[in-house]
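# Examining the three-dimensional arrangement
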Amino acid sequence: MAFRLPPRKASLAVGAAALVAAAGVVFVPEFASAGAPDGKSSSAAALSCWAIKQDYPKSATGLYWLKTPRMTSAQQFYCDMTTDGGGWVLVGRGRESWNFHYAGQSSASNVRNTPTGTAAFAPAAVPGDTINGLFNGGPIDEVRLHRAKNTTGTSWQDLLLKYKNLADWSWTFDGGLPLESAFFDGTDYSGGYTDETGSTSSLRPYNYLSTVKDTNNAWKKGFAYGSLDGGSTSASSYLYRASSKGQAIPFTQVFIRPKITAATGGPAPATPKLLSGKTSSSSWGVTGVVGGGTGEENIEVHALGVVGSTLYVGGKFQYVQKGASPAAGQKVEQSYLAAFDTSTGEWKSDFRPKLNGMVWAIKGAGDKLFVSGDFTSVNGVANTGGVAALDLKTGAPVSTWKASLIRGGGTARGRAMDIQDGWLYIGGTFDHIKGGTTIAKSPFWVGGAARVKVTDGTPDTTWNPFFDAGVYSLDASSKGDRVYFGGRMKHMGKQKDVAINDFAIVSTAAPGGHISGLGDTKWIPSISDPTKPYRNTILEVGDRVWMGGSEHDLQVYDRDFNNKIGGNLARSGGDFQSSVEINGVLYAGSHGFDFDYTDGWTYPDPKVGGYSNVHRLNMVGAWNAQTGKYLPNWNPIFASRAGNGVWALVKDNNGCMWAGGDLKSGSWTGSAYQWLGGFGRFCP
């Protein structure tokens with residue numbers, strides 16, 4: 001069936017049959033050069049298939065060389081020079097089992113050299129960076145899906161998807177890219193999203209698109225029709241269906257048509273250097289959960305810290321263990337806190353502190369390792385409750401440093417820490433603190449936040465922001481003027497003088513007062529229910545402040561919160577829980593396992609408030625730390641044991657990033673996925 005556009009556009013010429021008949025056979029006919037690049041060689045690469053068609057109207061469908069100023073080198077592509085005036089570039093093709101990853105699938109050479117036919121059923125897709133280069137930095141306007149309509153591949157449909165303000169390419173069709181319209185066989189549907197659009201009516205089974213995985217099709221994704229009879233798992237069928245209830249997934253070609261005719265602009269802007277998305281081998285890990293239990297507070301790793309060449313791991317784990325099947329002596333009980341070599345990953349067995357509760361935060365300074373958590377003592381030593389300073393090599397409490405957190409009616413919790421200008425800032429759930437030279441005096445009355453001297457643990461009784469609920473995260477600015485606090489707080493001051501909204505900016509000057517007019521009143525929650533949002537992670541990077549938590553949002557503002565730089569919403573699970581900056585990239589950890597919605601703002605349904613793009617997210621995402629732009633090239637390969645995700649991120653002395661949570665496996669190596677015991681690392 002010929003592809004027809006709505007009346008507002010020119011009609012399409014019949015050309016689909018030529019694409020099918022030439023399955024696997026592509027050619028560029030000889031024609032006289034008129035001086036413009038004709039795409040017949042890399043040295044004569046054209047700006048676009050469209051430009052070739054305009055300069056050489058008799059150009060036939062086949063292989064051509066293309067290069068725009070945004071592309072680093074000329075590449076060969078398959079161009080449809082017939083349909084609707086030609087100029088289309090094939091960027092993907094396949095039947096079922098699309099992964100919809102930004103990095104593409106299979107290889108670009110498979111896309112161009114085997115554009116159709118049964119040999120093209122295994123999906124192949126051009127990388128997103130290459131497609132952005134083909135558009136030369138311009139907006140992504142439309143995509144044409146050339147779909148088989150029967151099992152023999154003798155009847156076809158062309159579906160035109162017109163995007164809504166899509167600035168950069170995304171392969172994440174299954175995440176729901178916003179559409180201006182979708183045009184099926186003479187019917188134009190306004191709006192919609194690429195995860196599901198069109199009509200679900202059984203009278204119009206071809207006027208429908210679904211790209212999401214479904215149990216009835218063995219969880220295999222593609223560009224499916226609606227209530228269409230036929231299809232099978234046969235290797236020769238152009239319509240795949242895994243079961244009688246499954247939707248028919250047709251063999252589909254994905255075309256774009258950048259109408260680039262002038263070499264404007266220059267190379268693509270430089271982007272920060274990313275870490276590898278593959279986990280580096282590390283044989284040791286931590287396993288088991290003390291006391292068992294489920295949920296976010298009962299996972300292996302909640303805290304990571306690095307001092308020199310040592311990685312310190314804290315959480316609720318029970319054992320240190322070497323590999324999935326440890327030999328005798330390679331699974332050792334060492335609960336809550338352990339140390340590992342950052343280069344080899346080997347467990348440092350001399351570091352053997354004995355804590356009686358979980359660790360939530362770790363910070364190193366000089367010759368001390370500071371830890372905070374739910375413990376009431378370390379090695380049975382007095383005045384080490386909730387916070388302690390330990391020897392870097394043995395883990396024994398430092399005798400010259402004393403402090404304790406106190407909570408009336410329950411166990412105190414030290415959940416967050418940072419160090420700045422000789423002070424150790426502590427946040428959590430506690431109402432008194434004592435330590436240092438005042439250890440014998442009455443405890444100091446506080447509200448979930450305090451600071452003590454790094455040298456001996458003496459509290460600063462002149463500084464007391466006093467929050468009315470638990471602090472989950474804090475970051476002391478390197479500029480020395482303020483500390484950012486996040487959690488469930490609603491007020492500051494002993495008389496609840498200042499109303500805040502889960503986030504506060506506090507002066508480092510005594511008495512630790514609220515800095516009015518900044519972010520705690522200007523940041524935008526993702527849900528209107530005031531009991532829901534809380535801040536799990538806050539990090540200042542230069543003149544930017546990143547903050548994340550529930551419900552599933554990660555935001556970045558300028559330092560004084562005059563401007564919101566960017567925002568993101570994770571859909572499945574997805575609370576953001578940790579962050580770290582490495583080489584200009586902000587990495588943020590979560591328990592989100594499917595999509596990141598750029599500029600998404602409404603939980604639980606990002607479609608309510610709208611968003612500008614969708615990319616994949618697997619527990620940790622990457623963003624340009626200054627611009628807030630999501631970096632879809634980074635899609636890490638690792639898995640969570642119970643779905644609680646990543647709760648700690650830290651950079652080591654080798655430039656690697658360690659991620660901790662309830663991680664169970666990493667990247668594929670040879671014949672299996674790497675074993676991970678609670679944590680893993682990603683290196684340059």
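Our structure's up above, just so we're on the same page.
It should be emphasised that the depicted structure is a prediction, and the values quoted were computed from it without experimental measurement. (Residues numbered from 1 in each chain as written. Predicted model: local features only at pLDDT ≥ 70, side-chain atom pairs only at ≥ 80, totals over all residues. Heavy atoms only, no water.)

Note on placement: Asn 217 falls in the loop between β10 (208-210) and β11 (239-240). A polar atom in the side chain of Asn 217 sits 2.9 Å from the backbone nitrogen of Ala 242. Sequence-distant contacts of Asn 217, that is, excluding residues within four places in its chain, are made with Tyr 240, Arg 241, Ala 242, Ser 243, Gly 246, Gln 247 and Ile 249. (Helix = DSSP H or I, 4+ residues; strand = E, 2+ residues; numbered from the N terminus. Polar contact = N/O pair within 3.5 Å; in protein donor to acceptor, adjacent residues only side chain to side chain. Contact = heavy atoms within 4.5 Å.)

Attention now goes to the sheet that holds strand β21 (residues 359-365). Overall, antiparallel pairing links the 3 strands, which are arranged β21-β22-β23 in an open sheet. Since the sheet does not close on itself, it has two edges, and those belong to β21 and β23 (387-391), each with one partner. When strand polarity is set aside, the average angle formed by the axes of neighbouring strands in this sheet is 25°. (Pairing = 2+ DSSP bridges. Axes fitted to C-alpha atoms, helices over the stretch in contact; angles between N-to-C directions.)

Counting across every chain of the model gives 40 aromatic pairs. Connected via pairs of aromatic rings, a cluster forms that spans Trp 98, Phe 100, Trp 169, Trp 171, Phe 173 and Phe 223. The ring centre of Trp 50 lies 4.5 Å from the NZ or CZ of Lys 259, which sits over that ring. For the cation-ring pair, Arg 451 lies above Trp 423, with the distance from its terminal atom to the ring centre recorded as 4.7 Å. (Phe/Tyr/Trp six-rings, centres within 6.5 Å; stacked < 30°, edge-to-face > 60°. Lys NZ or Arg CZ within 6 Å of the ring centre and 35° of its normal.)

Moving on, we get to a nonpolar patch on the surface. Residues Ile 637, Trp 668 and Tyr 673 make up a contiguous nonpolar surface patch of roughly 350 Å² in combined accessible area. Summarising the element assignment, Ile 637 is placed in the loop between β43 (620-624) and β44 (639-640). (Patch = residues over 30% accessible without salt bridge, like charges linked within 9 Å, V, L, I, M, F, W, Y side chains within 5 Å. Areas by Shrake-Rupley, 256 points an atom, 1.4 Å probe, with all protein chains shown as cover. Salt bridge = Lys/Arg side-chain N within 4 Å of Asp/Glu carboxyl O.)

Next up on the list: unusual backbone geometry. A cis amide bond links Ser 550 with the next residue in sequence, Glu 551, at an omega value of 0°. With respect to the helices and strands, Glu 551 occurs in the loop between β36 (544-550) and β37 (553-558). At the junction of Tyr 603 and Pro 604, the peptide bond is cis and its omega measures out at 10° in the coordinates. The residue Pro 604 is located in the loop between β41 (595-598) and α6 (606-609) in this model. Backbone geometry places Asn 136, a non-glycine residue, at a positive phi of 55°. In this structure, Asn 136 sits in the loop between α4 (128-134) and β5 (140-148).

So, on to the pattern of salt bridges. Counted under the stated rule, the structure contains 25 salt bridges. Two residues, Arg 559 and Glu 540, come together in a salt bridge whose shortest N-O distance is 2.8 Å. With Arg 559 in the loop between β37 and β38 (564-570) and Glu 540 in strand β35 (residues 534-541), this pair connects stretches of sequence that are 19 residues apart. Like Arg 559, the residue Glu 540 is buried in the burial classification. Each of Lys 479, Asp 481, Arg 482, Glu 540, Arg 559 and Asp 560 takes part in one network of salt bridges that share partners. (Buried < 20%, exposed > 50% of the residue type's maximum accessible area, 1.4 Å probe, protein only.)

Turning to the sheet that holds strand β16 (residues 301-307), a few remarks are in order. Taken in spatial order, the 3 strands line up as β16-β17-β20 in an open sheet, and their pairing is antiparallel. The two strands at the open ends of the sheet, each matched to only one other strand, are β16 and β20 (337-341). The mean angle between the axes of side-by-side strands here comes to 25°, regardless of whether they run parallel or antiparallel. The pairing of β16 with strand β17 (residues 310-315) spans 6 bridges and is classified as antiparallel. Paired with Gly 305 across the two strands is Tyr 312, which belongs to β17.

Everything listed here is a matter of geometry and, on its own, says nothing about what the molecule does.
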